[in-house]
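# Coordinate inspection notes
As a plain string of letters, each chain reads:
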Amino acid sequence: MNDKKTMVKIENLHKVFGKDSHVLRGIDLDVKAGEVVVILGPSGSGKSTLLRCINFLETPTAGTITVDGLTVNAGKATKEEETKILQIRKKTGMCFQSFNLFPHMTAIENVIEGPVTVLGQAKSECIPYAEELLDWVGLSDKRDVHPSRLSGGQQQRVAIARSLAMKPDVMLFDEPTSALDPELVGEVVEVMERLADEGMTILAVTHEMHFARDVAHRVLIMDGGDWIEQGPPEEIFTNPREQRSKQFLAHILN
Amino acid sequence: MSETQETGGCTIPPEAHAVLEEIENRQKRFKRNTTIALLSLTAFIFFLFYVIKLDFMFMGKWVGFILTGMGFTLLVSFLAISLACILSILGALGRLSKNPIANSIATAYVSLIRGTPLLVQVYMWYLALPQLGKALEDIGIPGIQNALTLPAIPAGILALGVCYGAYMTETVRAGIQSITIGQREAAKALGMTESQAMRRIIFPQALRIIIPPISNEFIAMIKDSSLVSLMGVWELSYRAIKIGRRYFQSLEMLIMVAFIYWLMCVVLQYVQEKIEAHMARGDRRVH
């Protein structure tokens, strides 16, 4: 893994909401190409904010974010930085807890929306790949169905296909299974696993311990706005060093 | 859901059939009774017309003349609503803009126009604007007085369009704001710019929500277009009032013109329903 290039590099990242809500406190993090990193931590520890800073859905207050060689400095609001942020977003896909599919479009229209609107490709040009993606997430038969007719698990799988249509280098998962009925979690996790197998760089905030244990290369435990411990899952789960990690893991593993 | 449910070999018990039938009958009875009530109401109104000796011959004689005014009414309404739609989209974007100039212009527009009577605004465009033109010409802008002296119909279209644009600005703004933040985030995460997200994701969804209130505005405008009669335009209501006064038969003329307005609004309501049904594709609530 060490000889791979760095895909995501976060340096001294701070995020302050309002005036004094210091949510991220100087995070440094390197993620290599093809690496799967799972971020764990108690509620309010800043996991989601960290993830959302990587594609600038939250604007960092200080620090730098580098994705695939493109570096953006927080605090600089120049045209040039804006352009770089758009480029970073094209390189990163994101899946949300509440799916956020576009309800006025069918599954296939959702999937081609990125390539058509953002990359300016012709519809006919993107449809074969979009169909391939829907097939890959097991939803070929839902091609022309609107999201309101899909189950949560199906919606999240379409959302993954929608992100993948942009051919991203990194996928960000923000609690992708938290809004799902328990019996639907498996189908989404299975897609995430296959994505990891194909060598996608993944950063995921998730409570799916099975995914963290079996698929992640690295687990990061956050608390109070910074990671307190990180390492391979077997190490973190069996032998956490930090007292706070132990408490947190004891809590969720029971 | 469109999928039929598997009953798995279990049949629906006979007493349940009776319940289902009763529910269906209740709906049928309701429909039948409403139709009867509506028909009785109509009959009663015609009976009233008979009792008060409404002069249908007189109405028949003038209906053609009154209807010729419908052209003006429709022309003014359609052009004014088109202007109002454009202004309301610009206004809503301004109200939501982070640009202080755009934001304050939009806010002032809505506040000023909503806060003054339409009647005053109509006269402002028609009577006061030429005076402003003269004042500007006097301080050295050539030709401005002529440009600002508007004929009745353009003045009416501007007055109605600008006024309704202000009300509709708030409707459009509310529609845009009703779309969840997650939609904008999903669009941004794909790499869309603000304007792409607005055009492709936010606005199409907002449009569906604002169709009923916008139709309301359109229906109200059809009727408010009668205000252009103030400037001597021979539209529907102006003709009816003129003829009614001339022959002392205002009752006939006003009932007739009211009926014509009502018919136009019924047609619009029908169009609204069609558009709404078309826009509701993919919405679970309607199935």
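Residues numbered from 1 in each chain as written. Chains lettered and ligands numbered in written order. Predicted model: local features only at pLDDT ≥ 70, side-chain atom pairs only at ≥ 80, totals over all residues. Heavy atoms only, no water.

Here is the rule: UniProt positions are given in the numbering used here, feature names are shortened, and annotations may be inferred rather than shown by experiment.
The name given to chain B in an unreviewed UniProt entry is Glutamate/aspartate import permease protein GltK, with the source organism recorded as Desulfocicer vacuolatum DSM 3385. Under the UniProt heading Function (unreviewed entry), the note attached to chain B is "Part of the ABC transporter complex GltIJKL involved in glutamate and aspartate uptake. Probably responsible for the translocation of the substrate across the membrane." Entered under Subunit (unreviewed entry) in the UniProt record, the comment concerning chain B runs "The complex is composed of two ATP-binding proteins (GltL), two transmembrane proteins (GltJ and GltK) and a solute-binding protein (GltI)."

Of the comments in the UniProt record for chain A, the one headed Sequence similarities (unreviewed entry) reads "Belongs to the ABC transporter superfamily." According to UniProt, the comment filed for chain A under the heading Subcellular location (unreviewed entry) is "Cell membrane".

### Remarks on the overall build of chain B
This is how the line gets drawn: Each helix corresponds to a stretch of at least 4 residues labelled H or I by DSSP, and each strand to a stretch of at least 2 residues labelled E; elements are numbered beginning at the N terminus. For the radius of gyration, the atom set is restricted to C-alpha positions; the globular benchmark scales as 2.2 Å times the number of residues to the power 0.38. Remark: exposure states derive from per-residue accessible area (1.4 Å probe, protein chains only) relative to the maximum for the residue type, with buried under 20%, exposed over 50%, and partly exposed in between. Contacts are residue-level and defined by heavy atoms, with any inter-residue pair within 4.5 Å sufficient. Only four residue types enter the tally: Lys and Arg on the positive side, Asp and Glu on the negative side; His and the chain ends are excluded. Note on charges: their place is set at NZ of Lys, CZ of Arg, CG of Asp or CD of Glu.
Counting secondary structure elements, chain B contains 11 helices and 0 strands. The secondary structure elements of chain B, listed N-terminal to C-terminal, are α-α-α-α-α-α-α-α-α-α-α. A compact globule built from 287 residues should have a C-alpha radius of gyration of about 19 Å, whereas chain B, at 26 Å, is more than 25% larger. With the principal axes as the frame, chain B shows a C-alpha extent of 90 × 70 × 25 Å. Scored against the burial criterion, the 287 residues of chain B give a buried share of 35%. Of the contacts made within chain B by residues no fewer than 6 positions apart, 77% connect residues no fewer than 24 positions apart. Between the centroid of the 26 positive side chains of chain B and the centroid of its 19 negative side chains there is a distance of 5 Å.

### Things to note about the packing of aromatic side chains
Residue and element names in this part refer to chain B. Applied cut-off: The pairing test for Phe, Tyr and Trp rings, Trp by its six-membered ring, is centres within 6.5 Å, and the orientation test on the planes gives stacked under 30 degrees, edge-to-face over 60, and tilted for anything in between.
Counting across every chain of the model gives 10 aromatic pairs over all chains. For the pair tryptophan 62 and phenylalanine 65, a centre-to-centre distance of 5.6 Å together with 75° between the ring planes defines the contact as edge-to-face. With tryptophan 62 and phenylalanine 65 both in helix α2 (residues 56-68) and 3 residues apart, the pair spans about one turn of that helix. Exposure remark for tryptophan 62: the relative accessible area of 13% places this residue in the buried category. On the numbers, 5.3 Å between centres and 80° between planes, the contact of phenylalanine 78 with phenylalanine 218 is edge-to-face. With phenylalanine 78 in helix α3 (residues 70-95) and phenylalanine 218 in helix α9 (residues 194-224), the pair connects residues that are 140 residues apart, well separated along the chain. Phenylalanine 78 sits in the partly exposed class, given a relative accessible area of 44%.

### Structural notes on unusual backbone geometry
Although it is not a glycine, aspartate 68 of chain A adopts a positive phi angle of roughly 50°. In this structure, lysine 53 of chain B takes a positive phi of about 60° despite not being glycine. Relative to the assigned elements, lysine 53 of chain B resides in the loop between α1 (14-51) and α2. Here lysine 53 of chain B falls in the exposed class, since its relative accessible area comes to 68%.

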